[in-house]
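What follows is each chain in one-letter form.
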Amino acid sequence: MSGLAGLAESFLQALTAGLLVGCIYGLMCLGLGLIFGVMRVINFAQGDFLMLGMYFTLYLTAGLAGTAVFGTVAIPFIAAICAGPVLFVGGYFLHRLLVSRVTGIRVAGIEGEGHYAQLILTLGVALILENGGLILFGSTPKSVRTPLSASAWEIPLHDTSAVFVNKARSIAALISIAAAAGLYWFIGHSRLGKALRAAADNPEAATYMGIDVDRAHRIAFGIGTGVTAVAGGLVATYSSFQPYVGLEFVIIMYAGVVLGGMGSMLGAFWGGMTIGLVQQLSSLFLSPQLQNSAIFVVFLLIVLIRPQGLFGRRAERT
Amino acid sequence: MGSGRGDMTRALIAIAAIGAIWLAIGLLVSNSYYQLMLTLVPIWAVMGLSWNLLSGYTGLVSFGHASFFGLGAYTVTIALVRFDVTPWFGIPLGMLVGMVAAVVIGYPTFRLRGHYFALAMLAYPLALLYVFEWLGYQEVALPMKREAAAWFMQFADPRAYTVIAVALLLLALVVSLGVERSRFGMSLLAIKQNEPAAEAAGIDTLRWKMRAIMVSGALAAAVGGFYAVVLLVVTPSSVFGMLTSAQALIVALFGGAGTLWGPLIGAAVLIPLSETLRAELGDVVPGIQGIVYGVAIILVILLAPEGVFWRVRDRFSPVRAQPRTDASTSGSSPRVAAPRPTPPTKRVPILRVASLTKSFGGLRAVEDVSFEVEEGALLGIIGPNGAGKTTLFNLLNGFLLPDQGQILFAGTELVGLKPNRICRLGVGRTFQTVRAFARMSVLQNTVVGAYVSEATDAAAFALARQALERVDLAARADAPAGELTNKELRLMELARAMAGRPRLLLLDEPLAGLGSAEIGELLSVIRSLSADGVTVVIIEHTMQAMMRLVDRLIVLDHGRVLAAGQAREVTSDPSVIEAYLGKKWSAARA
Amino acid sequence: MLEVDAISVAYRGLKALTEVSLRVPEGAFVAIIGPNGAGKTTLFKTVSGTVRPLGGRIRFRGHDLLNVSPSQRALLGIAHVPEGRQVFSSLTVLENLEMGAYCSEGRAHWGRNIERIFSLFPVLADRRRQLAGTLSGGEQQMLAIGRGIASSPKLLMLDEPSMGLSPTAADTIFERIEALHQEEGLTTLLVEQRVVEALDSCDTGYVLEAGRVILEGPRDALLADDRVRRSYLGI
């Protein structure tokens, strides 16, 4: 096989992987996009909700393994989806108990100071979740076994080469797209979704409409964490993880949301997609350890050069 | 602050005392476990002080001090392992590396605000972590040097490490003291309080931030290098990891960010706590440290966001100004340069604005505005809300760049200059919302404006006092700003602006929220400033007050100059009445 | 319908309102005028619930408002059209109006209300799918008022609707507000800097200065009052 064809094959392989992974990253960025992009709340612990989603999926899969009801193939994905509601509740109460004290109308008057407290507070939450995870789950990397994670569809190219499309990742990607579409529809077109957007856009005016802004924020926050948790569960089906994994993903998620443009849910998804592509394509010429560094560099470049991102409409509020 | 000799000496004595006590304890304790604790607390206290120097004072939260720490650690390690260089040289070398890294990191990152800054700072140590793993430094052990152990900073007696740790701590404390009690610290605090206002008062915010991060980086690198020496094993995650940055942050925050003693208190409480827990429970409950820090951070930010230091202080003494005296009480006040000479009687335009235009997206905020202001005049700018008045001021001040137009101040083109430079040239500005350092005295709040005029801190304080006298607030010079009434706050704003010795004073709604008696007082102060030769341009809404004060008026509406001229003429101008007061009003008066 | 009794509000030690009392009878059009910083917006916010008073009472149709949460007050029939419009800029015009109709009353009468709104402000019908943030000041003001009407309110409170608008746009707004009041008999409370417009349309007025009511009375009395003229022209 000639060098060029080999390169093309590697490229296509990386591209395929990037697209699949990108869908999942898109979903997790969508979760953060709701919280950070729409509500402008800093949640440093977002990556840890991802991590919790992963472990939830792991344990639920193991728990359901005995039952033949769903079949070993489907269980991990169902578990990942179930992680959503569970972590929704987690996020809802986190907001209610802690985050709400540093967000909302009370704080809106204090320019920028709300963000400072949000940063620090959610950093504390992140530390607790990570280390709590360490205690509960142990430090050895885990992964979710699925018969599909090792099998792939083979798409032959015109030579003897072929592109392999991993089955587990493909299903995960499909679920991600479905979930993202569902969320997009909900936020965009349902009455509650519009109320959430209104409450995030202008809490004071929303109150005048009769919207319970505190409750709206809690729900939005919960949805954000739940969605990211589902993405985490999906990642778990093809990648190994340990309790500190959240930290890497925090940067990835913020990079995706910022790249896509603040306030734009669609942008957040595309941003995540792009980051996924960057990560997989960079594997062509960077060693694994440096791939994440590439993402950080991209993040820094975006923030310095084009902070409003690809789809951002408004200039970043000072 | 600054010239409080007595206070400075007291602080130095306190620092020396702490050092002495620590050393004494260190020398007495023989248990190696406690020795390690005695060594670790100062190390993390220094990290906290380092974090404090940047984030505590400026308010720019850094999640990435591990970058400097790790770089210091690796400098020492690689110097020793590869080049056989002793840590005695390695640590200063590491400080240099830390400083360079600080510049490289600071320059682009300071362009970011708030959470973006924090996230970017987070990215650096993570990136470095990956880079060092990739370079192959997964785990590096410092080799044992049996011959000439002391030369290589290796001691059999653990107490020696405590001594070095204390030395580093004393260094960090003295440096922090020097910063805090000088214009360095005050400038940083001013940035934290209100960065635009600090810029407008003449403080070169970027430069001070860079200096802060350089000192901060050097200290963090120094202690990182020492940490490597103590632990003898360096891994990327142990020095570049999140826990390192978090520890620096929480230690400072717990004790009190922005204070000298805060990080020390934080370290003294939290480090033994977490280390003990780790020792006792570490096997059963790995990661107990992280949880302790997480809980501590949450409790602090919710219950005592200013830190334990202030909580305790407030409990034992009511909120008073820091007992820092200034130069004049010690008797020798240096001679302050004479006030600006009164302007010539011939009215010369000191400010010429030509065709100034600024749009935001589709909105024309300021459109083709031109006017002149004579030296010594009192000009009022009025117009309905949203007419572009504050935008105009922001253009004059340098916060916004006009799309078109010129601004000539005493012959110098202002367009393109940074606000602090414009202040230096003689333009002062007050803002609508006054944000003061509540815990500091009125004098300390005011002196920030004097830094642009005076090179020495002592002279700056004297000038600040003068400025306070000019606005009739000298009696409250030592009161904490948090106790001031609205009127007094506004007078303080005026004093701060006057301390910059401006030739032109831009006042943005100085009367907002004042009652009629208070308005009268402020008006007489402004009039006296004008009588001294300062050109005053004032934005206001209350017509009644404006009529009593100004000679000339400019009316802005939808970004354009609607009318300009003598006050009486302008208010009878039918287009002004229509725009500002309503058609029916003129019909009613007709 | 609305009774405000001796309301006092303070922000961080600053007295924003001192013992302010006023009455808005059913079907009336009441105007509140006064200079900037007089506390007019604070008063509205106190009625709406985003600001808590230190003392005093507010009664709305028999309900003691201070026991009712802010979002609940909207459901009682108080529509607050805030200062500066405060439209939801990232939502479309139609979505903004839908939010106005969030409460059950609004939803029940949606069809009728949306027709009224579009006939009163035709430009909103044209731009219904546009993002509210892209509308001009005058259009946003119409949207804000439309949003208020969409809730089928019992009381419509308008906070400086002419602020930042060109004179012509402001005139249009005032016309429509007056039309609304005439046609529906909608109880209206208006806060304005533009003295003449405000007083022209109202039945009774209050003059607020530095947090206190310094003058109150029927329309004609206020229009003729010297103090009122002095407050605005300094003559």
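Definitions and cut-offs
- Residues numbered from 1 in each chain as written.
- Chains lettered and ligands numbered in written order.
- Predicted model: local features only at pLDDT ≥ 70, side-chain atom pairs only at ≥ 80, totals over all residues.
- Helix = DSSP H or I, 4+ residues; strand = E, 2+ residues; numbered from the N terminus.
- Buried ≥ 20, exposed ≤ 12 C-beta atoms within 10 Å, placed from the backbone.
- Contact = placed C-beta atoms within 7 Å.
- Domains from an automatic or database assignment.
- Nonpolar A, V, L, I, M, F, W, Y, C, P; charged D, E, K, R; others polar.
- Core = buried A, V, L, I, M, F, W, Y, C linked by C-beta atoms within 7 Å.
- Pairing = 2+ DSSP bridges.
- Axes fitted to C-alpha atoms, helices over the stretch in contact; angles between N-to-C directions.
- Expected span 1.5 Å × (residues − 1).
- Left-handed = near helix turned anticlockwise from the far one by under 90°.
- Bend = angle between axes of the 7 residues up to and from the residue.
- pLDDT = per-residue confidence, 0-100.

## A short note on the overall build of chain A
Turning to step 1, where the next piece is worked out: Check the secondary structure of chain A and you find twelve helices and two strands.
Turning to step 2, where the next piece is worked out: Written out in order from the N terminus, the α and β elements of chain A read α-α-α-α-α-β-β-α-α-α-α-α-α-α.
Turning to step 3, where the next piece is worked out: Here chain A holds 318 residues, and 57% of them are scored as buried.
Turning to step 4, where the next piece is worked out: Of the contacts formed within chain A by residues at least 6 apart in sequence, a portion of 77% connects residues at least 24 apart.

## Description of the domain arrangement of chain B
All names here are of chain B.
Turning to step 1, where the next piece is worked out: What the domain assignment lists for chain B is domain 1 (5-238) and domain 2 (349-589).
Turning to step 2, where the next piece is worked out: On a C-alpha basis, the centres of domain 1 and domain 2 stand 43 Å from each other.
Turning to step 3, where the next piece is worked out: With 18 residues of domain 1 at the contact, the number on the domain 2 side is 19 residues.
Turning to step 4, where the next piece is worked out: Secondary-structure elements contributing two or more residues to the side of domain 1 that touches domain 2 are helix H7 (183-193) and helix H8 (195-200).
Turning to step 5, where the next piece is worked out: Looking at which element gives the most residues to the side of domain 1 that touches domain 2, the answer is H7, with six residues.
Turning to step 6, where the next piece is worked out: Taken together, the residues that form the side of domain 1 that touches domain 2 break down as nine nonpolar, six polar and three charged.

## Side note on the nonpolar core
Turning to step 1, where the next piece is worked out: Grouped together as the largest cluster of nonpolar side chains are 384 residues, with contacts concentrated most on Ile 24, Ile 251, Ala 255 and Phe 299 of chain A together with Ala 123, Val 223 and Ile 297 of chain B.
Turning to step 2, where the next piece is worked out: With residues near it in sequence (within four places) discarded, Val 223 of chain B still touches Ile 43, Val 46, Met 47, Phe 69 and Leu 168 of chain B.

## Focus: the interface of chain B and chain A
Accessible area lost when the parts come together is the quantity often used to give the size of an interface.
Turning to step 1, where the next piece is worked out: Every contact between the two is made by 35 residues of chain B and, on the other side, 35 residues of chain A.
Turning to step 2, where the next piece is worked out: Every element with two or more residues in the side of chain B that touches chain A is listed here: helix H5 (114-135), helix H11 (242-255) and helix H13 (288-303) of chain B.
Turning to step 3, where the next piece is worked out: Residue composition of the side of chain B that touches chain A, by class: 27 nonpolar, five polar and three charged.

## So, the environment of Phe 49 of chain A
All names here are of chain A.
Turning to step 1, where the next piece is worked out: The residue Phe 49 is located in helix H2 (residues 46-64) in this model.
Turning to step 2, where the next piece is worked out: The buried category is assigned to Phe 49, around which 33 C-beta atoms lie within 10 Å.
Turning to step 3, where the next piece is worked out: Placed 123 residues apart in sequence, Phe 49 and Ala 172 show a C-alpha to C-alpha distance of 18 Å.
Turning to step 4, where the next piece is worked out: Apart from residues no more than four positions distant in its own chain, Phe 49 is found in contact with Leu 87, Gly 91, Thr 225, Thr 228 and Ala 229.

## Some points on the sheet that holds strand E3 (residues 29-33) of chain C
All names here are of chain C.
Turning to step 1, where the next piece is worked out: The mixed open sheet is built from six strands, whose spatial order is E6-E7-E8-E3-E9-E10. Lying at the two open borders of the sheet, with one neighbouring strand each, are strand E6 (78-81) and strand E10 (212-218). Within the sheet, the average angular offset between the axes of one strand and its neighbour, ignoring direction, is 15°.
Turning to step 2, where the next piece is worked out: Where E3 and strand E8 (residues 187-192) come together, five bridges link them in parallel fashion. Looking at the pairing, Ile 32 lines up with Val 191 of E8.
Turning to step 3, where the next piece is worked out: Along the sheet, helix H1 (residues 40-48) contacts E3, E6, strand E7 (155-159), E8 and strand E9 (204-209); its crossing angle with E7, the most-contacted strand, is approximately 150°.

## What about the environment of Glu 569 of chain B?
Residue and element names in this part refer to chain B.
Turning to step 1, where the next piece is worked out: Take Glu 569: it is sitting in helix H22 (residues 567-572).
Turning to step 2, where the next piece is worked out: Classification of Glu 569 by C-beta neighbours within 10 Å gives partly exposed; the count is 13.
Turning to step 3, where the next piece is worked out: Spatially, the C-alpha atoms of Glu 569 and Phe 371 are 17 Å apart, while their sequence positions differ by 198 residues.

## Thoughts on helix H12 (residues 262-281) of chain B
Turning to step 1, where the next piece is worked out: With 20 residues, H12 of chain B should cover 28 Å at 1.5 Å per step; its first-to-last C-alpha distance of 28 Å lies within 8% of that length.
Turning to step 2, where the next piece is worked out: Against the buried residues of H12 of chain B lie helix H2 (32-58), H11, H13 and helix H14 (308-316) of chain B.

## Digging into the sheet that holds strand E4 (residues 363-374) of chain B
Each strand in a sheet pairs with its neighbour through backbone hydrogen bonds, running either in the same direction (parallel) or in the opposite one (antiparallel).
All names here are of chain B.
Turning to step 1, where the next piece is worked out: Spatially, E4-E3-E6-E7 is the arrangement adopted by the four strands of the open sheet, whose pairing is antiparallel. For this open sheet the edge positions go to E4 and strand E7 (412-413), each flanked by a neighbour on one side alone.
Turning to step 2, where the next piece is worked out: In this fold helix H15 (residues 389-397) packs onto strand E3 (349-360), E4 and strand E6 (404-409), with an angle of close to 65° to the strand it touches most, E4.

## Concerning the pairing of strand E10 (residues 535-539) of chain B
Residues and elements named next belong to chain B.
Turning to step 1, where the next piece is worked out: The element E10 is extensively covered by neighbouring structure, given that five of its five residues are classed as buried.
Turning to step 2, where the next piece is worked out: Burial along E10 is two-sided: the residues Thr 535, Val 537 and Ile 539 and Val 536 and Ile 538 are all buried.
Turning to step 3, where the next piece is worked out: With four bridges joining them, strand E5 (residues 378-382) and E10 adopt parallel strand pairing. By the bridge assignment, Leu 378 is partnered in E10 with Val 536.
Turning to step 4, where the next piece is worked out: Bridging between strand E9 (residues 504-508) and E10 involves five bridges; their strand directions are parallel. Bridge assignment links Leu 504 to a residue of E10, and that residue is Thr 535.

## Here's the deal with the packing of helix H3 (residues 93-100) of chain C against helix H7 (residues 137-149) of chain C
All names here are of chain C.
Turning to step 1, where the next piece is worked out: Close contact between H3 and H7 brings their axes to 7 Å; oriented N to C, the two are set at 35°. Two packed elements cross with a definite hand, and for H3 against H7 that hand is right-handed. Taken together, the residues of H7 that come into contact with H3 (itself represented by Val 93, Asn 96, Leu 97, Met 99 and Gly 100) are Leu 143, Gly 146, Arg 147 and Gly 148.
Turning to step 2, where the next piece is worked out: Of the residues contributing to the contact of H3 with H7, the split by class is four nonpolar, four polar and one charged.

## Concerning unusual backbone geometry
Turning to step 1, where the next piece is worked out: Residue Asp 368 of chain B is not a glycine yet carries a positive backbone phi of 50°.
Turning to step 2, where the next piece is worked out: Position of Asp 368 of chain B among the secondary structure elements: in strand E4.
Turning to step 3, where the next piece is worked out: For Ser 152 of chain C, which is not glycine, the phi torsion reads 50° and is therefore positive.
Turning to step 4, where the next piece is worked out: Its location among the elements puts Ser 152 of chain C in the loop between H7 and E7.

## Examining H2 of chain B
Residues and elements named next belong to chain B.
Turning to step 1, where the next piece is worked out: Here H2 contains 27 residues, and its C-alpha end-to-end distance of 39 Å stays within 8% of the 39 Å for a straight helix at 1.5 Å per residue.
Turning to step 2, where the next piece is worked out: A maximum bend of about 50° is found in H2 at Asn 52.
Turning to step 3, where the next piece is worked out: Counting buried residues in H2 gives 21 out of 27 residues, a clear majority hidden from the surface.
Turning to step 4, where the next piece is worked out: Looking at the residues trailing H2, positive phi occurs at Gly 59, about 85°.

## Notes on the pairing of strand E4 (residues 55-60) of chain C
The two faces of a sheet get side chains in turn, since along a regular strand they alternate between them.
All names here are of chain C.
Turning to step 1, where the next piece is worked out: As paired strands, strand E1 (residues 2-11) and E4 are joined by five bridges and run antiparallel to one another. Bridging across to E4, Val 4 finds its partner in Ile 58.
Turning to step 2, where the next piece is worked out: Here E4 pairs with strand E5 (residues 63-64) via two bridges, running antiparallel. What sits directly across from Arg 59, in E5, is Asp 64.

## Side note on the confidence of the model for chain A
All names here are of chain A.
Turning to step 1, where the next piece is worked out: Put simply, chain A has an average pLDDT of 82, and 88% of its residues get 70 or more.
Turning to step 2, where the next piece is worked out: Within chain A, helix H4 (residues 105-108) has the poorest average pLDDT of any element, 49, and helix H9 (residues 213-236) the best, 91.
Turning to step 3, where the next piece is worked out: Counting interchain partners and residues more than four positions distant, the pLDDT-below-50 stretch residues 313-318 has eight contacts.

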